Each structure stands twice: as structure tokens, then as C-alpha cells.
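An overview of the molecular structure
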Amino acid sequence: MSEEKGYANLGTMMLLSLLIYIHSADAKSYTVGDSTGWIFNVTGWEIGKPFKAGDKLVFKYAVGRHNVVVVDKRSYDSCSVPAGAPTYRSGNDTLRLKIGTNYFICGFTGHCQAGMKIAANAAY
Ligand SMILES: *[C@@H]1O[C@H](CO)[C@@H](O)[C@H](O)[C@H]1NC(C)=O
Ligand SMILES: *[C@@H]1O[C@H](CO)[C@@H](O)[C@H](O)[C@H]1NC(C)=O
Ligand SMILES: [Cu+2]
């Protein structure tokens, strides 16, 4: 590799690190449902929010009364809880959004059907 090319690659890498740094420093945190928290009928709260990959969703709820299950579209649509799906139970769960649509439901029987579900679409 020539010396100029080496410097060019270094420059590209530095620029890339800078962009990644700026992007992550920009991350926002949202409390799902705002003051009401993660509760029945919260679905729709996410509509129109300018989520970006790396932003955080904070789920607040009474421990033991609800939980947060990360699911795919199919389970979201059908309100089913797949075996082994990542499940959070602390009552104060912070989850980082990935690029694309992120689906979360409450795994307690009937809660997803009662509107404890959100589909948060995160742009890059
Ligand atoms: C959810 O909203 C619907 C429509 O407004 C209402 O009929 C229902 O009682 C609400 N459910 C809960 C659990 O608050
Ligand atoms: C919830 O979690 C966040 C971050 O993990 C923490 O800063 C905050 O104090 C917690 N709030 C409560 C009410 O536990
Ligand atoms: Cu619930």
C-alpha cells in the first residue's frame, strides 16, 4: 500500500469514527407513554415520534403487573409471546432502538390485546 493511500484510509476512518460519535451523542431517551407510562392503551403513543437508531425507550410500570417483551412483527400483530423472547421485568427498563421497526408488547395475558404494544420505527 502506498503512503498516500494509507493516509487516505486513516482519514476515512477518522471521519467515520467522528460521524459515529456525533450520531451516538445525539441519542435521545423517551419514556414510553410519557407520564402515564407503560400501560393499557399506550399503543399509538409512538406514532409520529422522530426515533433514531440508538435512541432509548424507557418502560415504566409496576413490577409484577406488567413486563416488556421484544417481539417480531408477526408476534406483535397476533399478540403472542414466543418462547425465549427477550423479556424485561424491572419496572424501569431502558431498551435501545435498532434501525427499522422495533416491536414491544406486554407478555401478561390479555394486556397486548388491551393496547399494551408499540411499534417504534427508528431511522438511521
Ligand atoms: C382502551 O381504549 C378503549 C377505547 O377508547 C376503551 O374502550 C377501553 O376501555 C380502554 N381500555 C383500557 C384497559 O383502558
Ligand atoms: C430508572 O433507570 C434509570 C437508568 O437506568 C435511572 O437513572 C433512574 O434513576 C431509574 N428510575 C427509577 C425510578 O428507578
Ligand atoms: Cu401489561
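The preceding data block contains the structure.
Below you will find a few notes about this structure. (Residues numbered from 1 in each chain as written. Chains lettered and ligands numbered in written order. Predicted model: local features only at pLDDT ≥ 70, side-chain atom pairs only at ≥ 80, totals over all residues. Heavy atoms only, no water.)

Taking strand neighbours across the sheet as the criterion, the three strands line up as S1-S2-S5 in an open arrangement whose pairing is mixed. Of all strands in the sheet, those bounded by a partner on one side alone are strand S1 (29–31) and strand S5 (92–96). Taking each pair of neighbouring strands and ignoring which way they run, the sheet shows an average axis angle of 25°. (Pairing = 2+ DSSP bridges. Helix = DSSP H or I, 4+ residues; strand = E, 2+ residues; numbered from the N terminus. Axes fitted to C-alpha atoms, helices over the stretch in contact; angles between N-to-C directions.)

His66 (ND1), Cys106 (SG), His111 (ND1) and Met116 (SD) make up the full set of protein donors to the copper ion (ligand 3), lying at 2.0 to 2.5 Å. Considering all four donor atoms around the copper ion (ligand 3), the spread of angles at the metal, 87 to 136°, places the coordination shape in the irregular class. All donors of the copper ion (ligand 3) come from a single chain, and their spacing in sequence reads H-x39-C-x4-H-x4-M. Taken together, the residues Cys106 in the loop between strand S6 (100–105) and strand S7 (117–122) and Met116 in the loop between S6 and S7 connect sequence positions 10 residues apart. The buried category is assigned to Met116, whose relative accessible area is 0%. (Donors = N, O, S within 2.8 Å, 3.2 Å for Na, K, Ca; no water. Tetrahedral: all angles 85-135°; square planar, octahedral: opposite > 155°, others 65-115°. Buried < 20%, exposed > 50% of the residue type's maximum accessible area, 1.4 Å probe, protein only.)

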